[in-house]
Amino acid sequence: MKTLCTSIALSLLSTVFANSASAIELWEAHLPGLDTGLSAGSLPPKGFYGVLNVYSATNTKYDNAGNATPIKLDAVVVVPVVLWSTGLTVLGGRYAVAFSQPFDCTKLTIPSGPGAGSNSHWGRFNSVIAPAIISWDIDGETSIKAGLFYLANNASSSPANPPSGRGVGAGNGHASWMPELGVTRRVSDWQLNADFMVSRNLLDGTTGYQSGTLLQSDFSAIYQAGRVGYGLGGFTVTQLTDHSGNLPADCAGSDCRRRRFALGPLVTYQLGPAMLSTQYHRDLVTRNGTGGDIFNFRVVVPF
């Protein structure tokens, strides 16, 4: 089975503010590094496929200068996905659609000041719909994929609808559109992948806050040795535009744009029809967000 490629839009909390009353949205539209190790430019053969990601992060909040703060965030994100590779040809390429309903458990720890304490809870993230994913095989060695993703405004909790007790929202209080472009290049036993996503976040009508536009990428270089593949992967997060609306004090008079860069090893294994993989990422650069150690285990199976 060819490696399943689908850019599932989800997000890990990237900016945590001590002022819990702030209207700032805390989640990105794509979980950084979620697609590392997948074939970024191609779709699988005709059929239905299931994907399950279990993503775990132990993070620290970093300020605008890249200095660590006392605020900690632990998160477990479960991302089930269903993809239908239709077998249809659209614009000369293979056409697919996908749906995902992620769930997350976050534990936010603030050692002192307003909101001090620790709180953890499970919640439902914004539903993700991919109405169009199209892949083109260029020359047998290169493939390109384009997709469009929509995140519905239906999270179980958000800044406008906070969870009971304390803690951070399970999702965003707004909808988002996210186009994607992925490229895969095969060279001998190597596979090189680069996946790019731009998230356009809509206005939160309750809080009057609008998250800035993000450019994100997941990338990997994998050497295939029989059933086993191993290599290096990573991700980047670059905020292109400023937040607007009711901004927290952290952003007053300073650049509040997010920046992240991470690298780490990955291993894949073909077990019958199923593809198993595990990835580790370590943030090397973090500004205005959380960074630390991230592990992701993934299984891909055809129905």
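Report follows, based on the coordinates. Predicted model only: the values in this text are computed from it and were never measured.

Scoring rules and cut-offs
Throughout, a residue's number is its position along its own chain's written sequence, starting from 1. Owing to the predicted nature of the model, reporting of local features is limited to residues with pLDDT of at least 70; listing and counting of side-chain atom pairs is limited to 80 or more, with chain, interface and lining totals taken over all residues. For the side-chain quantities, the full set of heavy atoms in the structure was used; hydrogens and water were omitted. Salt bridges are defined as contacts in which a side-chain nitrogen from Lys or Arg sits within 4 Å of a carboxyl oxygen from Asp or Glu. Only DSSP runs of H or I with at least four residues qualify as helices, and only runs of E with at least two residues qualify as strands; both kinds are numbered from the N terminus onward. For every residue, the accessible area (1.4 Å probe, protein chains only) is compared with the maximum for its type, and the residue is labelled buried under 20%, exposed over 50%, or partly exposed between those bounds. Each patch is built from salt-bridge-free residues with over 30% relative accessible area, joining like charges within 9 Å and nonpolar side chains (Val, Leu, Ile, Met, Phe, Trp, Tyr) within 5 Å. In this description, accessible areas are obtained by the Shrake-Rupley approach with a 1.4 Å probe, and a residue is regarded as covered only by the protein chains that are shown. Strand pairing requires that DSSP identify at least two bridges connecting the strands. Here is the rule: rings of Phe, Tyr and Trp (six-membered ring for Trp) pair when centre to centre is within 6.5 Å. Planes less than 30 degrees apart are stacked, more than 60 are edge-to-face, and the remainder are tilted.

**A closer look at the pattern of salt bridges**
Then step 1. All told, the structure shown has six salt bridges when counted by the stated rule.
Then step 2. Here Asp 242 ties to Arg 257 by a salt bridge, and the two come within 2.7 Å at their closest N and O atoms. Separated by 15 residues along the polypeptide, Asp 242 in the loop between β11 (228-239) and β12 (259-271) and Arg 257 in the loop between β11 and β12 bring together distant segments of the chain.
Then step 3. Residue classification places Arg 257 among the partly exposed residues on the basis of a relative accessible area of 25%.
Then step 4. Through salt bridges with shared partners, a single network forms among Asp 139, Glu 141 and Arg 185.

**Brief notes about a nonpolar patch on the surface**
Then step 1. Together, Leu 52, Val 54, Val 76, Phe 103, Trp 122 and Phe 297 line one region of the surface with nonpolar side chains, adding up to about 520 Å² of accessible area.
Then step 2. Among the structural elements, Val 76 can be located in strand β2 (residues 68-90).
Then step 3. Residue classification places Val 76 among the partly exposed residues on the basis of a relative accessible area of 31%.

**Describing the pairing of strand β14 (residues 289-302)**
Then step 1. Pairing analysis gives 14 bridges linking strand β1 (residues 47-62) to β14, with the strands arranged antiparallel. Looking at the pairing, Asn 53 lines up with Arg 298 of β14.
Then step 2. Where strand β13 (residues 274-287) lies against β14, eight bridges are found, and the strand directions are antiparallel. Bridge pairing links Arg 282 to Asp 293 in β14.
Then step 3. A loop of one residue connects β13 with β14, the two strands running antiparallel in sequence, and Asn 288 in this loop sits at a positive phi of about 55 degrees.

**Considering the packing of aromatic side chains**
Then step 1. Considering all chains together, one arrives at five aromatic pairs under this definition.
Then step 2. Aromatic side chains Tyr 280 and Phe 295 sit 4.9 Å apart centroid to centroid with 45 degrees between the ring planes, which places their arrangement in the tilted category. Remark: Phe 295 occurs in strand β14 and Tyr 280 occurs in strand β13; sequence separation between them is 15 residues.
Then step 3. Given a relative accessible area of 23%, Tyr 280 falls into the partly exposed group.
Then step 4. Given the relative accessible area of 46%, Phe 295 is considered partly exposed.
Then step 5. An aromatic cluster of at least three residues, connected via ring pairs, comprises Trp 190, Tyr 223 and Tyr 230.

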